[in-house]
Structure formats: structure tokens, C-alpha cells
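Structural description and commentary
Take a look at the letters that make up each chain.
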2 protein chains.
Amino acid sequence: MTQSLTIARPDDWHLHLRDGAMLQAVLPETARHFARAIIMPNLVPPVVTGAQAAAYKDRIMTALPDDMSFEPLMVLYLTEDTDPADVAAAHASGLVKAVKLYPAGATTNSASGVQNFDKVRPVLETMAEIGLPLCVHGEVTNHDVDIFDREAVFIDRVLDPIRKATPELRVVMEHITTKDGVDYAKSGGDNLGATITTHHLIINRNHILAGGIKPHYYCLPVAKREQHRLALREAATSGDKTFFLGTDSAPHTDANKLLPCGCAGCFTATNTMALLAHVFEEDGALDKLEGFASKHGPAFYGLPVNEDTITLTKNETATVFPEKIESGDGPVTVFDPGFPVFWDVT
Amino acid sequence: MTQSLTIARPDDWHLHLRDGAMLQAVLPETARHFARAIIMPNLVPPVVTGAQAAAYKDRIMTALPDDMSFEPLMVLYLTEDTDPADVAAAHASGLVKAVKLYPAGATTNSASGVQNFDKVRPVLETMAEIGLPLCVHGEVTNHDVDIFDREAVFIDRVLDPIRKATPELRVVMEHITTKDGVDYAKSGGDNLGATITTHHLIINRNHILAGGIKPHYYCLPVAKREQHRLALREAATSGDKTFFLGTDSAPHTDANKLLPCGCAGCFTATNTMALLAHVFEEDGALDKLEGFASKHGPAFYGLPVNEDTITLTKNETATVFPEKIESGDGPVTVFDPGFPVFWDVT
């Protein structure tokens, strides 16, 4: 018995494409299924100005295979020195679709992030005026805050004060990992959205730490206990337009994952749509997949839903995904859900 | 200014020596400072019978350098097929000082462990009669129990029922990692003791997971949140004879630590006494170090305190420990406390 599902072509509202050889290797993995993606600006050095975003977009389009269509939605990395006028100009030209807030030290290449939130107030006020969304990595980085509490503490100490001070600012809580995040996003009104990754719908912290340490399951924010994973599942499959897909697909070579201090990130670009079909089917919510992957994101960003479609097919034999993809820098392990998946994009 | 402290030579009440080339490499690291150690029996295959323990003890003594003195205190690995008469004979001969309970699947080489605790009741009753302690890896292994809850759940579901059914059984809660473990051990009376590792006094779970994943800090039971580390510090430095040192020093080659599924264990044999002096000084409890490292353990096991001594000296320059030791199988990383230590054994 074959089952199939055709949906508007999806977008990825949180994606790491890197640069150079790695960009070349991972871009087709996303462009094969996704029409657009919000492109993370945490390169070294980060993408801070409109000019840097334009140059990065050019490099992405140059790396795109001729037979593929894909639109990178560019994002500026917010620093304490960001110029509100440059942000406004980059938005007015249609180039930049969001600004990203990294608390300093929160994740890969976030050293240039914000320490003093007062310093970025003028930028946030400009963004609120022009309707440019702020994408937020929602974790405090204080050493004395337990890593599993950092999302909830960020909401209380940073996010809620920012939103109260600038209620018109549109904010995306990226890669939420807790019930606290779900609850806050749900109650936040039309100016607040939240992305959920593929892997956080599948793994909890036991997958990282029980029976051996598994660096390929390690990302930031780190996966939490099972009750939080279940809250994410419920949110993603609920049909609530607050929640949409942002894979946070983040390629690191195996050499950089299997280190004494291994890099944070799961690479899910290759098999995300098949995994999501599995997850939504398991929760009896296949009819909600299109909203989550293809409709709620464009609605939040004020963009049209893609006109083309993809078809997901469920087969009788398990889909074989590549275990790794080759990059110029070394192999990158594809996220392994740990169970057979019978869906594929056809 | 030089500060020094002379204490009875310490013992290690929980140690992994492995076998073959690894045994040869790590044994001197322990024997240099420690007079005796409780030797974990989780080899492949495990040390289950008195005859196997005798053969393993011979291999350890053969591996011991001629200029070192050291007494391995042998332990039998409890399985559902363990013969009470063999255990009693191995104890009567003076060879075996404890029996180890691993819940099946709890840690490195624990596949032969106990699944059905009713099956080991006759052995436990024999042990209670002859006064032979049971050393317990206190974690349930159920997939549906969060890894950070597994110690507390083990106490409720397994340990407390065993102790109520066999109140005369002497039990060591090994490598406790939670305030729950501390509280249970404290209230358990004279038949209950608990070991604490060096690394659990120093790291919490943020050390493993914040700012990158650090396999060399990964052990089982995994380090918990800061409030639990503080409870362990308080217990170890309190002078309460319930608590004594069991390093759980567990060598794995770097190749086996830095894997997609890396092995559990921290190797602390080399620098444990210097680290403990640092920890106890920091907590204003240097006068309690001898009890924790040299006196409470022998008292629990009914053995004499060692007659020889070691002297710990605090210098003005930080002690340089080897970053790794060489084993026949590859380098083994020595536990890095992440701060300078000025103490050393002289």
C-alpha cells in the first residue's frame, strides 16, 4: 500500500549554509526540497551589514546548481555596533528579511553577539517601525544558570522585557526546546512566532547521554527531557500558526563533532521532510504538516506561499538516506532518527 | 609559602584497572598513591566466580612494578546465575571483599548485569549472613526514565526494597551524584555507606554540555545540576563516616571516548589526591580529607587503616599533570579539572 501527500513546497525558517566548500556541499541538500530559507549569518566574520549580506547571497546563488531553484532569505547578525540605518536600507531593498539576536557565547560562532541589550535598543525600535522580524537564539549564557534552564530563564530575563519595551517588534523564538517556550509563544499574540527543529521533535536528552555520549545528537539549545519533546510535538502538529519549521540544520564535519569539545549542531537538511512526515503521521496529524512546513512561516514573514508543490510518498520498505554527505572539508553525518522511516520525497 | 599535610595512605573504594596493556598502563597511576583499591569486575567477560577473581588478582600483581606496593581488593560481578556457595567460599578465603550489582545495561560492560532482582535474593541473603558488602551501581536503566532521574528512581524502586527485605546486608552506594543519594545514605544507618568520585566533586552537567560537548567529562552516572554537586561537596567534606572516596577512575582511550557513541568514564587516578586537597581546602575542610580518603572506607569494610602515610604539599606554582598517559591501546586523557591546582603528593 502506497500512501502519498502533496503539499505546497516547504521553506526552512532557520538554516545554516556556511560558506566555501561546505556551502557547496550542503546547499543542494536543502534546495532539493525547500524553496526558500532564512539563512543564518553566523559566519566567521559574521554577516553584520547589508553589504555583507548581499555578498553572501551572491556566493550562495553562485553555489546553487543550475538545475535547482532556491531563494536565500538573508539575515543580519545583530551586534552592539549595528547601524539602524544600514538595517533599514537592507530591508527596504528587499535583501534582508530578518535580524538575528545571539546572546554572546550562546552557540557556534556567536562571540560577536549581544552582551548589553540596551545598546541594541535603537536597532530594535527601527525594526519595529519597519516590520522587520527579530530572530532570537533564546538562551542566556550565564555560567551559573543550568544549561537545561537557559531557555526558560532567557524568556523571563531577556525576551519578555524586550517585548514589553517594544511591543510592535515582530519576534521569532527560534528552535524552541521547552514547554516554557511553547507556552510563551502561544500566548504572545500576532507579533510572536516560534520555529521548531526536526531533531527536537525526535530526540530528548536521553538520546544524547544514555548508554554512551552521542555528539551527533548534540545541538544548542540542547534537547531537554521527554515532557518538553512531547510539548514540541503537540505544538508542531496542532495546526497553530504560531509554530513553523526551522530545521537549524547545521553541518559540521565529523572531525569537528568528535572532539574533546565538539561543535553544536545536527545536520537534517537531507531527510527533514521524510522525518516530519513520519512524525506527523505518528501523531495522526498528516493534515497539519503543510501548515507547519509550508504555510505558517510565509504568513508570519508576510510572504506568499510557494506555488509549486512536493509529494511525500510512504513506501513498504524503509527509505535509505545517506549516512554522511561529503563536503570539501570532510564528511558530515546526516541526522539519524534511530528508527526506520518509510516516507520519502518523490 | 609552602603548606603540607600528611595523612594515612589513602585507598580507592571504586577503581577500574581493566586488563592486559591497559592494566599495565594504569596500575602504577593508582599504586603510586593508594595502598588498596576495590577492583571493578566489569571485564569482558566479567569476573563472576571466585576462580576468575583469583586469576584476575594474579594478573594485577604480575603487572605491578617491583618497586610499588598495592593490594587489589577483589570484587565479584553479580549475575542472575551467581552461586551463593562460590561467593561464600571466595569471601572465606579472604580473596573477595565485595560483590557488585550492575543493573543490566547501566554502564560500560554491564550487559551481564541483573534484570530480575528476585533471582539474586539467595546470594544477597548469604552475603548478609557473612557480612560481605554489596557495591551498587545505583541507576535504573528503563528507557522511559530520564537519565538525570535514574539515581533517585533506583533508590525508590530497587535499593530501598532490597534493604528492607535484607536489613543486615551491608551496602555501598557507589559514585553517588545527587542530593537524593546523599540524603538516603545519611539516613541509612551503619550498614549503608556511599562513595563519591573526585570528578563529581568538581564538575556539574554544564561542564559536559555548555559551549560544546565534552566527552572527557562524560561518565555514568552522569554529573547532575550544580545543587547536587554542592550536596556531594558538603557530604564529602563533612567528616560523616558514611561517605568515602571511590574514584571510579575509568580509563578509555581517546579513540573510544571520541566516537559517535563514546564510552563513559573519567580517568582520575593520576591526579585525584591533588584535586581532593584543592577541593577540601576550598571548602575549609583539609582536616576532613584523611577521614574521606583514608579512614571511613576501611572502617566500613572492617579493615585496618594503612600504617604508611602520604604527604600533600601546596606549592606556589601550579602542578603540571600529564595531559594523557600512554597505554598499549592508545592515549588515555587524564581528567582536567579546568582550573589550576597547586597541590601535589610529595
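Rules used in this analysis
Residues numbered from 1 in each chain as written. Chains lettered and ligands numbered in written order. Predicted model: local features only at pLDDT ≥ 70, side-chain atom pairs only at ≥ 80, totals over all residues. Heavy atoms only, no water. Pairing = 2+ DSSP bridges. Helix = DSSP H or I, 4+ residues; strand = E, 2+ residues; numbered from the N terminus. Axes fitted to C-alpha atoms, helices over the stretch in contact; angles between N-to-C directions. UniProt positions renumbered as here; feature names shortened; annotations may be inferred. Buried < 20%, exposed > 50% of the residue type's maximum accessible area, 1.4 Å probe, protein only. Contact = heavy atoms within 4.5 Å. Right-handed = clockwise from strand over helix to strand, strands pointing away. Least-squares fit on C-alpha atoms with pLDDT ≥ 70 in both. Salt bridge = Lys/Arg side-chain N within 4 Å of Asp/Glu carboxyl O. Buried area = accessible area lost by both parts, 1.4 Å probe. Polar contact = N/O pair within 3.5 Å; in protein donor to acceptor, adjacent residues only side chain to side chain. Nonpolar A, V, L, I, M, F, W, Y, C, P; charged D, E, K, R; others polar.

What about the sheet that holds strand β4 (residues 71-77) of chain A?
Residue and element names in this part refer to chain A. Ordered by their spatial adjacency, eight strands build an open sheet running β2-β3-β4-β5-β6-β7-β8-β9, and the pairing between neighbours is parallel. Two strands in the sheet have a free side with no partner beyond their single neighbour: β2 (12-15) and β9 (243-245). Adjacent strand axes in the sheet meet at a mean angle of 30° when their direction is disregarded. In this structure, strand β8 (residues 192-196) lies alongside β9, joined through three bridges in parallel fashion. In the sheet register, Thr-195 faces β9, and the bridge partner there is Phe-244.

Considering the UniProt feature "active site" (unreviewed entry) in chain A
Residues and elements named next belong to chain A. Mapped onto this numbering, the UniProt entry gives "active site" (unreviewed entry) at Asp-248. Inspection of the secondary structure assignment puts Asp-248 in the loop between β9 and α9 (254-257). Residue Asp-248 is classed as buried on the basis of its relative accessible area of 7%. Aside from chain neighbours lying at most four places away, what touches Asp-248 is Asp-12, His-14, His-16, His-175, Thr-197, Leu-220 and Cys-266.

Quick look at the pairing of strand β5 (residues 96-101) of chain A
Residue and element names in this part refer to chain A. Here β5 lies mainly inside the structure; five of its six residues are buried. Since β4 and β5 lie parallel, the crossover through helix α3 (residues 84-92) that links them has a hand, and here it is right-handed. For β5 and strand β6 (residues 134-136), the ladder comprises three bridges, and the chain directions are parallel. Paired with Lys-100 across the bridge in β6 is Cys-135. Between the parallel pair β5 and β6, the chain is carried across by helix α4 (residues 121-130), and the sense of this crossover is right-handed.

Digging into the relation of the copies chain B and chain A
Screw-axis analysis of chain B against chain A gives a translation of 0.0 Å along the axis, an RMSD of 0.0 Å, and a rotation angle of 180°. One copy is carried onto the other by what is essentially a two-fold rotation axis. Looking at the rotation axis and the C-alpha trace of chain B, the residue lying nearest is Leu258(B), at 2.6 Å. A share of 96% of the interface residues of chain B reappears at the interface of chain A, consistent with the copies meeting face to face through the same patch.

Comments concerning the pattern of salt bridges
Where side chains of opposite charge bring their charged atoms close, a pairing between them can arise. Residue and element names in this part refer to chain A. Enumeration according to the criterion identifies 38 salt bridges over all chains in this entry. Here Asp-183 and Lys-179 are joined by a salt bridge, their closest N and O atoms 2.9 Å apart. Here Asp-183 and its partner Lys-179 are both found in helix α6 (residues 179-186), four residues apart, which amounts to about one turn of the helix. Owing to a relative accessible area of 34%, Asp-183 belongs among the partly exposed residues under this scheme. Residue classification places Lys-179 among the partly exposed residues on the basis of a relative accessible area of 39%.

Notes on helix α4 (residues 121-130) of chain B
Every buried residue of α4(B) is accounted for by Val123(B), Leu124(B), Thr126(B), Met127(B) and Ala128(B). Positive backbone phi, at 75°, marks Gly131(B), one or two positions downstream of α4(B).

Observations regarding the UniProt feature "modified residue: N6-carboxylysine" (unreviewed entry) in chain A
Residues and elements named next belong to chain A. When the UniProt feature table is mapped to this numbering, "modified residue: N6-carboxylysine" (unreviewed entry) covers Lys-100. Locating Lys-100 in the fold gives a position in strand β5. Given a relative accessible area of 1%, Lys-100 falls into the buried group.

Observations concerning the interface of chain B and chain A
In this assembly, 27 residues from chain B lie in contact with 26 residues from chain A. Buried area between chain B and chain A, both sides added, is near 2400 Å², and the carbon and sulfur share of it is 59%. Looking at the side of chain B facing chain A, the largest losses of area belong to Asn206(B), Leu209(B) and Ile213(B), adding up to 27% of the total buried there. At the junction of chain B and chain A, the tally comes to six salt bridges. Here Arg225(B) and Asp149(A) are joined by a salt bridge, their closest N and O atoms 2.7 Å apart. Here chain B is connected to chain A by 16 residue pairs in polar contact (both at pLDDT 80 or more). Residue composition of the side of chain B that touches chain A, grouped by class: 14 nonpolar, six polar and seven charged.

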